[in-house]
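Structure at a glance
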Amino acid sequence: MKYEVIDNFLQTDTYNYIKDIIISSAFNWQVRPLNDSLKAKGKFQLAHFTHEHGKVLSIISDVITKPLMVQLKQIKRYNKVGVTRGRINGFIPTSENIALGLHKDIEDSEEFYTLLLYLTTDNGGTRFETGEKVNSVENRALIFNAHYQHETITQTDDHLRINININYNVID
């Protein structure tokens, strides 16, 4: 499984600016079930959608998505990237670490990538179908093909685990 982990992905001031917006009491979250099997048990997550099918859904998308894409282009030496889907996830703690089920961010194409930026350090993370786990560490980016099977692992040790998930493609 090929993936890339980049610690200290954003400059500290940019990272803190984005995190402060997301953790503010004015931030607009949607409440969603974690998955179908946990829906009946009342388990939920928070989400804020910034992009879907390449269309901007949130007025704060430029403030959050643009700095991540600028940094991604610089690190990966991309000329241009297109954002197809973006969302911010907030996970409420569970009594034990729960794997939320393997999935692909993009089912029908191998041309897209996932950029996950973790905003909290906790004992949750992302696990791939190979069993490899990337821990949730503040300002850590995880980049992988959006076609790879992966799953969220919930946290037990923090009141809110937050990450930004952007699915993008490279435009030549």
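Here the structure is shown first, and the text comes after it.
Overview of the structure. (Residues numbered from 1 in each chain as written. Predicted model: local features only at pLDDT ≥ 70, side-chain atom pairs only at ≥ 80, totals over all residues. Heavy atoms only, no water.)

1. Side note on the sheet that holds strand S10 (residues 150-153)
Spatially, the three strands line up as an open sheet ordered S8-S7-S10, and their pairing is antiparallel. On the outer flanks of this sheet lie strand S8 (133-135) and S10, each paired with one strand and no other. Shown here is a sheet whose adjacent strand axes are inclined to one another by a mean of 20°, direction ignored. Note: strand S7 (residues 125-128) against S10, four bridges, orientation antiparallel. By the bridge assignment for S10, threonine 126 is matched with threonine 152. (Pairing = 2+ DSSP bridges. Helix = DSSP H or I, 4+ residues; strand = E, 2+ residues; numbered from the N terminus. Axes fitted to C-alpha atoms, helices over the stretch in contact; angles between N-to-C directions.)

2. Examining the side chain of aspartate 105
Within the fold, aspartate 105 resides in the loop between strand S5 (80-91) and strand S6 (112-118). Despite its burial, aspartate 105 pairs with no opposite charge; the closest candidate is arginine 85, at 5.5 Å N-O. At 3.3 Å, the side chain of aspartate 105 forms a polar contact with the side chain of histidine 103. Here asparagine 165 takes part through its side chain, which lies 3.4 Å from a polar atom of the side chain of aspartate 105. (Buried < 20%, exposed > 50% of the residue type's maximum accessible area, 1.4 Å probe, protein only. Lys, Arg positive; Asp, Glu negative; His and termini not counted. Salt bridge = Lys/Arg side-chain N within 4 Å of Asp/Glu carboxyl O. Polar contact = N/O pair within 3.5 Å; in protein donor to acceptor, adjacent residues only side chain to side chain.)

3. Focus on the pattern of salt bridges
This model, assessed by the stated rule, comprises six salt bridges. Of the charged contacts, one joins lysine 19 and glutamate 138 as a salt bridge, the two residues approaching to 2.7 Å between their closest N and O atoms. In this pair, lysine 19 is assigned in helix H1 (residues 12-23) and glutamate 138 in the loop between S8 and strand S9 (140-145), connecting sequence segments 119 residues apart. Classification of lysine 19 by relative accessible area gives buried; the value is 17%. Residue classification places glutamate 138 among the partly exposed residues on the basis of a relative accessible area of 35%. In this structure, the salt-bridge partner of arginine 85 is glutamate 52, at a minimum N-O distance of 3.4 Å. Of this pair, arginine 85 sits in strand S5 while glutamate 52 is found in strand S3 (residues 44-52), placing the two residues 33 residues apart along the sequence. Owing to a relative accessible area of 26%, arginine 85 belongs among the partly exposed residues under this scheme.

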